[in-house]
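Examination of the molecular architecture
One-letter residues, chain by chain:
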Amino acid sequence: MDRQNLETVLMENRKFVPSDEFKKRAHISSLDEYFTRYRKSIDDPEKFWGSIAEELHWFKKWDRVLNEEDAPFFKWFENGKTNISYNCLDRHLETGVRNKAAIIWEGEPGEQRVLTYWDLAREVNKFANALRNLGIKHGDRIAIYLPMIPELAIAMLACARIGAIHTVIFAGFSAESIRDRVLDCDARMVITADGGWRRGNVLQLKNIVDEAIQECDCVKDVVVVKRAHGDPFPCHIKEGRDHWYHRIIDEVSAVCPPAEVDSEDLLFLLYTSGTTGKPKGIIHTTGGYMVFTYLTAKYVFDLRPEDVYWCTADIGWVTGHSYIVYGPLANGATCLMYEGTPNWPDKGRFWNIIEKYGVTVFYTAPTAIRTFMKWGERWPEKYDLSSLRLLGTVGEPINPEAWIWYNKIIGGENCPIVDTWWQTETGGIMITPLPGCMDTKPGSATYPFFGIDVTVLNESGEETEAGFLAIKKPWPGMLRGIYSDAKRYKETYWSKWPDVYFPGDGAKKDSDGYYWILGRVDDVVNVSGHRIGTAELESIFVEHETIAESAVIGIKHEVKGQALVAFVSLKEGVKASPELEGELKHWVVKKIGKFAIPERIIFAADLPKTRSGKIMRRLLRDVSEGRALGNITTLADAAVIDDLKAKYEEG
Ligand code: WT7
């Protein structure tokens, strides 16, 4: 357990009580009701989840809600047949939801598009038929590299409709990252756009894809959405391989019968960083994920028919999968989707959008909130934010100061805040307040969601007040594995303690039973909500011809939550210089993407190691955070750390 995390967490004991008005209308309106239902969901999960699943459409009902025989390879809704696109679309077409906005979209330059459930269903059916025409079949993997435009949601739903497996790659990733992911899952197609808008510029996505797939023989077709229209850069269309999206959906039927897929058929892969090696393809399957995102979206965001719900995440991350696309649409909700950055054309863009569309539920990340704080209250104050009734956060622990600011300046002290803890691997929200029935404490994710059996354990698996977060029972939205690496799945998540899931976070439980998540306890760093494995970055550095060794650590950062610091030692004869530093940053952009550039790169003569050769990261963290050095008795060469410290303080 990372000592630092435990010591520095700020425990806020102030309680915030939801208003009577919110309480009265909430789906779950009293703590008693929560506890009663929670108890039932834990005592008889099959009954609980079975009855929730009944609210959705199944072509054939499951034989068994949960099969644990082959643990940790759990099966949910075994032998059930369903289709998540049917549940997100068709299911609503015979109700009043048919003509309701499913997606309200705003492009960064300011265009608007509204797709009703009917419109969205037509688009998805057409694109699904176009995919079939290109030979895409059930089980094929399709990589999606798109900006935040409606076609991104359409593409995912179209894949799901025909049983193809999507893997969305965040549009900030480099060509090499795309290549690695495409090769890992043997993707048959890439769906991209000519470009996407970001802070007034066009990201040239198609060109990046062209570079990425040069070495990918598995990719037979590339579909290109026209988004950047005639902006002055070339978008090369390779005859026979590349297809304009608008051409292939022209003149295809708007009726594509949904594939009746098995509950455990793969819905998507999403790559995320771990503590070792390359990013891993997290597997999510259909039935359980659908039921879990449906229920969590409904209760955590307390969705009502009239809500305009806005999650500011990019769909390239799991938050967007579960809480822009699948969860809200399964509930027939209206989702706002915005393409660009919050400071374009000025720092009031988000608040302008909230006012313009009357957003009622707003879900964002602590790092964004801290950025807004830095920009100042005058931006939100210019706009009428009174439509808001509920706020949420996700991605990292929220510091009480940011929580209080969010509550006051954005929420007008009149909106409950749901601080939702979960992960790519969990598929959906695991620990969270249910608004209306729970008092909140700034910085605490409060209680577990229905069916989630949480505890805090020490290294040897005994319950403790502060230690490692642990999940004792399977849940429907859980990952089913790591793509083509069953061993890594077992080792990473199920080997710390027998039959218990280990998420990699530290946690504390207070005397009210509230959970406080303290951040990662492994070598994963959370920079502005982007997960980066230090080992992954280290191996990228040593691939560079000038570098002998490297150690990357995460340090606290006022806005980003955490930032990366890289310590590198150079090969014989190589000299440290600002140019080399620039080149190394460029190297990281090429290998991963801009978001992974370290805050600082320190050129060190040597790295602090134990006598057995293990790098002592703890000392590097002490140096970087300006603390007195911890125990250095195991250090092989004490002079190394003094040299490092001097270098760090110089820069
Ligand atoms: C890690 C998962 C879940 C979607 C976004 C990130 C941290 C996430 C919280 C929270 C404290 C949080 C954890 C977790 N995290 N939400 N509310 N409070 N920490 O998904 O990239 O898979 O990262 O984000 O450390 O393990 P991810």
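In case you missed it, the structure is sitting above this.
Per chain, the residues get numbers from 1 upward, laid out in the order the sequence is written. Given that this is a predicted model, residues contribute local features only at a pLDDT of at least 70 and side-chain atom pairs are listed and counted only at 80 or more, while totals for whole chains, interfaces and linings are drawn from all residues. Only hydrogens and water are removed before side-chain values are computed, so all heavy atoms of the structure are retained for them.

1. Regarding the packing of aromatic side chains
Condition: Between 30 and 60 degrees the pair is tilted, below 30 it is stacked and above 60 it is edge-to-face, where a pair is any two Phe, Tyr or Trp rings, Trp via its six-membered ring, whose centres lie within 6.5 Å. For the purposes of this entry, the term helix denotes a DSSP run of H or I that reaches at least four residues, the term strand denotes a run of E that reaches at least two, and both are numbered from the N terminus. Relative accessibility under 20% of the residue-type maximum defines a buried residue, over 50% an exposed one, and the middle range a partly exposed one, all with a 1.4 Å probe and only protein chains included. In this scheme, the term charge over a ring applies when either NZ of a lysine or CZ of an arginine sits within 6 Å of the ring centre and within 35 degrees of the ring normal.
Inspection of every chain in the model, using the stated rule, returns 53 aromatic pairs. Taking 5.9 Å as the distance between ring centres and 65° as the angle between the ring planes, the aromatic pair formed by F170 and F595 counts as edge-to-face. One end of the pair, F170, is in the loop between strand 7 (165–168) and helix 8 (175–185); the other, F595, is in the loop between helix 19 (578–591) and strand 30 (600–604), and 425 residues separate them in sequence. A relative accessible area of 15% places F595 in the buried class. Sitting over the face of the ring of F450, R37 holds its NZ or CZ atom 5.2 Å from the ring centroid. Over the ring of W244 we find K226; its NZ or CZ atom is 4.6 Å from the centre of that ring.

2. Here's the deal with empty space enclosed by the protein
The gaps of empty space that remain are located by a probe, the size of a water molecule, rolled over the atoms. As a reminder, the rule being used: Throughout, the protein atoms alone are placed on a 1 Å grid, and a set of points is a cavity if a 1.4 Å probe fits but cannot get out or a pocket if it is open with protein on both sides within 12 Å along at least five of seven lines; lining residues have an atom within 4 Å of a point. Grid points are joined across faces, edges and corners, and a volume is the space filled by probe spheres set on the points. The nonpolar class holds Ala, Val, Leu, Ile, Met, Phe, Trp, Tyr, Cys and Pro. Asp, Glu, Lys and Arg form the charged class, and all remaining residues, Gly among them, are polar.
Tallied over the entire structure, the rule returns two cavities of 30 Å³ or more. Size it by volume and the largest cavity reaches roughly 50 Å³. Every residue lining the largest cavity is listed: N83, I84, H138, A160, G163, A164, V261, D265, L266, L267 and T286. The class makeup of the residues in the lining of the largest cavity is six nonpolar, four polar and one charged. As a volume, the second largest cavity reaches approximately 40 Å³. Lining the second largest cavity are V168, I169, F170, F173, R181, L270, Y271, G316 and W317. Among the residues making up the lining of the second largest cavity, the classes are represented as seven nonpolar, one polar and one charged.

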